[in-house]
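# Observations on chain architecture
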Amino acid sequence: MIQKTLAMVAIMAITLCYSKPASAEINVTIEEFSQLTGRQEDDHRSALRVFLNTCPDMKPQDWQNLCALAVNQPNTRHFLEMFFHPALVRFVTLGVFTGYFEPELDGGLQPSKWFQYPTYKTPPNLSKGRPYLILRQVEAENVLASQGLEIAWVDDLVEFFFLQIQGSARVLLPSGELIRLGYGSYNGRSYKSLGAELVRRGIYDHHKVAVQVIQNWVKYHPIAGQNLLRHSPGYLLFLGIPDLPAHKGPREDRNWSLTSMRSLAVDPKFVPLGAPVWLEKKGKKLLNRLMVAQDTESVIKGPQRGDISIGAGLEVGRAVAKIKDCGRMSVLLPIQRAYAALLEQGR
């Protein structure tokens, strides 16, 4: 799930790509595969392997039938075009697509002068769907401290904040051991963009707001920076994942391991989790690719809003910060389900 998106860097993209109409009526268009740009150049087999990792958990019978048929298909593209139909679900002309990654932080299993910022697992008194403690209470007042909830302590407050957005991380211990953190739960509070807050204060113009800019500002203004990092009341709680190998992607809350450049975070109100999705992203680096809807995030809202899983590490993170592009995505649905969605729209 979760906040994996660097939401503040998408502010300008959202403004440039669309303005949400007053009615916000959802429009469903059944497309032909020939309308999908670049479909013949993509490696459909690679995407099908990701689909096969998730489709066994899709409960509806039509998805289960297609999941069984997908095994050992000699021609993946032929299989998709025979049993699926692309459905464009939207209330805007263009969508917004960003990227997320798995940060790498240095940390320890005990607090020290180097490792001061704890990552917490879910406390037993947190009720799903009910607002819980705000971030300022957790960090400044240490409300969750000394309850046996700490998983690891990390060394950088700014990186720790972005971990709260990304939802998963690799923590490298002094011994060389690697701890994998995954999404545990969410405190039910709204996310507020740090970039938007800096713009509101008159510190930066919209076109200058980027992740690296925010990081530098916080580091050069330590007191004001700490207050800024607590501006958003929403935060994440984590799970330690001991059985996840280093070569595997992060594991989201349905226990699916994400695949770089094939996994997409979506709004499950509009896109079934586990479904194949054809993505056409514009921007400096075009991307026409078959993805799989494997993840959700509290800041990903709407039928044409997606977040692309990119990979892990600092260099990947820098590349991710530059992804904030317009585009569109079509959900590949079982044929009868696609036409049912079209009929439902007319009622």
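For the structure, see preceding data.
Remember, it's a predicted structure, so these values are computed and weren't measured experimentally.

## Digging into the overall build of the protein chain
Looking only at helices and strands, one finds 11 helices and 14 strands in the protein chain. In the protein chain, buried positions account for 52% of the 347 residues. Accessible surface computed for the protein chain: about 16,300 Å², of which carbon and sulfur atoms make up 52%.

## Description of the packing of helix H6 (residues 157–166) against helix H8 (residues 211–220)
Two quantities define a packed helix pair, namely the angle between the axes and the distance from one axis to the other. Packing of H6 against H8 leaves a shortest axis separation of 10 Å and a crossing angle of 140°. Classified by the angle between their axes, H6 and H8 sit oblique to one another. The two elements H6 and H8 cross, and the hand of that crossing is right-handed. Counting all contacts with H6, which are made through Val158, Glu159 and Phe162, the residues of H8 involved are Val211, Ile214, Gln215, Val218 and Lys219. Within the contact of H6 with H8, the residues separate by chemical class into five nonpolar, one polar and two charged.

## Section: the nonpolar core
Core analysis: the biggest nonpolar cluster contains 40 residues, and Phe51, Phe84 and Met329 have the highest contact counts within it. Residue contributions to this core peak at five residues, all from strand E12 (residues 287–296). Filtering out sequence-adjacent residues up to four positions away, Phe84 remains in contact with Phe33, Phe51, Trp63, Leu66, Phe79, Pro276, Leu332, Leu333, Pro334 and Ile335. In this structure, Ala152, Leu173, Leu181 and Tyr186 belong to the second largest nonpolar core, which totals 32 residues.

## Brief notes about the packing of aromatic side chains
Two descriptors summarise a pair of aromatic rings, namely the distance from one centre to the other and the angle between the planes of the rings. Summed over all chains, the structure comprises five aromatic pairs. Seen from their ring centres, Phe79 and Phe83 are 5.5 Å apart, and the 50° between their planes marks the pair as tilted. In this pair, Phe79 and Phe83 both sit in helix H4 (residues 76–83), four residues apart, roughly one turn of the helix. An angle of 75° between the planes, with centres 6.0 Å apart, marks the rings of Phe79 and Phe84 as edge-to-face. For the pair Phe79 and Phe84, one class covers both residues: buried. Among the aromatic residues, those joined into a ring-pair cluster are Phe51, Trp63, Phe79, Phe83 and Phe84.

## Description of the pairing of strand E11 (residues 276–281)
Burial of E11 is extensive: six of the six residues sit out of reach of the surface. By the bridge criterion, six bridges tie E11 to E12 in an arrangement that is antiparallel. Within the sheet, the bridge partner assigned to Glu280 lies in E12 and is Asn288. Hairpin connection, E11 to E12: the antiparallel pair is bridged by five residues, and Gly283 has positive phi, about 100°. Strand direction decides the pairing type here: E11 and strand E14 (residues 324–334), joined by five bridges, are antiparallel. Note that in E14 the partner of Lys281 across the bridge is Gly327.

## A look at the state of the cysteines
The final tally for this structure, using the stated rule, is one disulfide. The partner cysteine of Cys55 in its disulfide is Cys67, sulfur to sulfur 2.0 Å. Of note, the bridge from Cys55 to Cys67 carries an S-S torsion of about 60° and is right-handed in sense. Here Cys55 is found in the loop between helix H2 (44–54) and helix H3 (61–70), whereas its partner Cys67 is found in helix H3, with 12 residues between them in sequence. Looking at Cys55, the relative accessible area reads 0%, which means it is buried. On the accessibility criterion, Cys67 (8% relative accessible area) is buried.

## Some words on H8
Within H8 the residues assigned to the buried category are Val211, Ile214, Gln215, Trp217 and Val218. The buried residues of H8 occupy an angular sector of 165° when the element is viewed end-on, so they sit on one face. Those residues of H8 that are buried are in contact with H6, helix H7 (194–200) and helix H9 (222–229).

## Focus: the environment of Trp217
Along the chain, Trp217 falls in helix H8. Looking at Trp217, the relative accessible area reads 9%, which means it is buried. In the structure, Trp217 is positioned 11 residues away from Leu228 in sequence and 9.9 Å away in space, judged by C-alpha atoms. In contact with Trp217, not counting residues within four places along its chain, are Leu198, Arg201, Ile203, Tyr204, Ala224, Gly225 and Leu228.

## Brief notes about the pattern of salt bridges
Note that side chains of opposite charge can pair when their charged atoms are close. One pass over the structure, following the stated rule, counts 11 salt bridges. Between Arg337 and Asp62 there is a salt bridge, and its shortest N-O distance comes to 2.9 Å. Here Asp62 lies in helix H3 and Arg337 lies in helix H11 (residues 335–345), a separation of 275 residues in the sequence. What makes Asp62 partly exposed here is its relative accessible area of 25%.

## Structural notes on the environment of Leu343
Topologically, Leu343 is positioned in helix H11. Residues Leu343 and Val28 lie 315 residues apart in sequence; the distance between their C-alpha atoms is 9.2 Å.

What counts, and at which threshold
- Residues numbered from 1 in each chain as written.
- Predicted model: local features only at pLDDT ≥ 70, side-chain atom pairs only at ≥ 80, totals over all residues.
- Heavy atoms only, no water.
- Helix = DSSP H or I, 4+ residues; strand = E, 2+ residues; numbered from the N terminus.
- Buried < 20%, exposed > 50% of the residue type's maximum accessible area, 1.4 Å probe, protein only.
- Areas by Shrake-Rupley, 256 points an atom, 1.4 Å probe, with all protein chains shown as cover.
- Axes fitted to C-alpha atoms, helices over the stretch in contact; angles between N-to-C directions.
- Parallel < 35°, antiparallel > 145°, perpendicular 65-115°, else oblique.
- Left-handed = near helix turned anticlockwise from the far one by under 90°.
- Contact = heavy atoms within 4.5 Å.
- Nonpolar A, V, L, I, M, F, W, Y, C, P; charged D, E, K, R; others polar.
- Core = buried A, V, L, I, M, F, W, Y, C linked by side-chain atoms within 4.5 Å.
- Phe/Tyr/Trp six-rings, centres within 6.5 Å; stacked < 30°, edge-to-face > 60°.
- Pairing = 2+ DSSP bridges.
- Disulfide = S-S within 2.5 Å.
- Arc of directions from axis to C-beta.
- Salt bridge = Lys/Arg side-chain N within 4 Å of Asp/Glu carboxyl O.

In short, the description is geometric, and any link to function would need to be established separately.
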